[in-house]
Amino acid sequence: MDTLVFLLNSALLGVGLAMDAFSVSVVNGFHEPGMRKEKRRGIALVFAVFQTVMPLIGWAAIHYLLALFKKAEPFIPWIAFFLLLFIGGKMLIEGLSKKEDEEEEAYHLNKRTLFIQGIATSIDALSVGFTIADYGVGMALIASAIIGVVTYVLCRLGIRLGIKIGTKINKRASILGGLILIGIGAEILIKSFF
């Protein structure tokens, strides 16, 4: 019974943590309706890796670097906010600067932007290391792996949803995507105050 509760808690934690990555995946799908399957897998994998590694870093910090991590903790939501504000603002400006009759350029998510998205959407997972601090190494690894798998699945679904929606609203995808990313950043920042 304890094993089942542990697995269920890890899966639910994964769902909660993956929501930002899911939303950003939807935005990525908006911009590239013709995205190849390999790229879809790659994007989902990047988010999954970050969501897997960040709780482990938090877990290690609680066990080995607690004093240092405690000093940096108040800045984590601000870092996520500014990263998403930068990416979302850039997309918003690009979307607003396009003329109505201008053909939508093919948007190609580059590795640098994807890396920044991965950090920004998973940085709050560092604090999950505190919630799993009483786990041993094996349980922490399993919980983090489950979080990663859940994130991967949800991001694949998010990209697919974004592609479907993006083909219908393609002229406004940059504006909507930028607003969503800025909103996610603001939500992370606001949650940190409560």
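Residues numbered from 1 in each chain as written. Predicted model: local features only at pLDDT ≥ 70, side-chain atom pairs only at ≥ 80, totals over all residues. Heavy atoms only, no water.

Here we look at helix α5 (residues 111–122)
Move 1: Over its 12 residues, α5 runs 16 Å from end to end, which matches the ideal 16 Å to within 8%, given 1.5 Å per residue.
Move 2: For α5, the full list of buried residues reads Thr113, Leu114, Ile116, Gln117, Gly118, Ala120, Thr121 and Ser122.
Move 3: Backbone nitrogen of Arg112 and a side-chain oxygen of the N-cap are separated by 3.3 Å at the start of α5; the cap is Asn110. (Helix = DSSP H or I, 4+ residues; strand = E, 2+ residues; numbered from the N terminus. Expected span 1.5 Å × (residues − 1). Buried < 20%, exposed > 50% of the residue type's maximum accessible area, 1.4 Å probe, protein only. Polar contact = N/O pair within 3.5 Å; in protein donor to acceptor, adjacent residues only side chain to side chain.)

What about the layout of surface pockets?
Empty space among the atoms becomes visible once a probe the size of a water molecule is rolled across them.
Move 1: Volume-wise, the largest pocket comes out at about 230 Å³.
Move 2: Mapped by element, the contributors of at least two residues to the lining of the largest pocket are α4 (76–97) and α8 (173–193).
Move 3: Residue classes in the lining of the largest pocket are distributed as five nonpolar, two polar and three charged. (1 Å grid on protein atoms, 1.4 Å probe; cavity = no way out; pocket = protein on both sides within 12 Å on 5 of 7 lines; lining within 4 Å. Points joined across faces, edges and corners; volume = space filled by probe spheres on them. Nonpolar A, V, L, I, M, F, W, Y, C, P; charged D, E, K, R; others polar.)

A short note on a positive patch on the surface
Move 1: Residues Lys37, Arg41, Arg160 and Lys164 make up a contiguous surface patch of positive charge.
Move 2: Listed by contribution, the elements that provide at least two residues to the positive patch are α2 (37–64) and α7 (137–168).
Move 3: Position of Arg41 relative to the elements: it lies in helix α2. (Patch = residues over 30% accessible without salt bridge, like charges linked within 9 Å, V, L, I, M, F, W, Y side chains within 5 Å. Areas by Shrake-Rupley, 256 points an atom, 1.4 Å probe, with all protein chains shown as cover. Salt bridge = Lys/Arg side-chain N within 4 Å of Asp/Glu carboxyl O. Lys, Arg positive; Asp, Glu negative; His and termini not counted. Charge placed at Lys NZ, Arg CZ, Asp CG, Glu CD.)

Some details on the environment of His31
Move 1: Mapped onto the elements of the fold, His31 is located in helix α1 (residues 2–31).
Move 2: Spatially, the C-alpha atoms of His31 and Gly166 are 6.5 Å apart, while their sequence positions differ by 135 residues.

Observations regarding the environment of Met35
Move 1: Within the secondary structure layout, Met35 lies in the loop between α1 and α2.
Move 2: Accessibility expressed as a relative area gives 3% for Met35, which makes it buried.
Move 3: With 125 residues separating them in the primary sequence, Met35 and Arg160 have C-alpha atoms 9.5 Å apart.
Move 4: Those residues in contact with Met35 that lie beyond four places of it in its chain are Asn28, Gly29, Arg40, Ile43, Ile159 and Ile163. (Contact = heavy atoms within 4.5 Å.)

Some details on α1
Move 1: With 30 residues, α1 extends 43 Å from end C-alpha to end C-alpha; this agrees with the ideal 44 Å at 1.5 Å per step.
Move 2: Along α1, the helix axis deviates most sharply at Ala18, where the bend reaches about 45 degrees. (Bend = angle between axes of the 7 residues up to and from the residue.)

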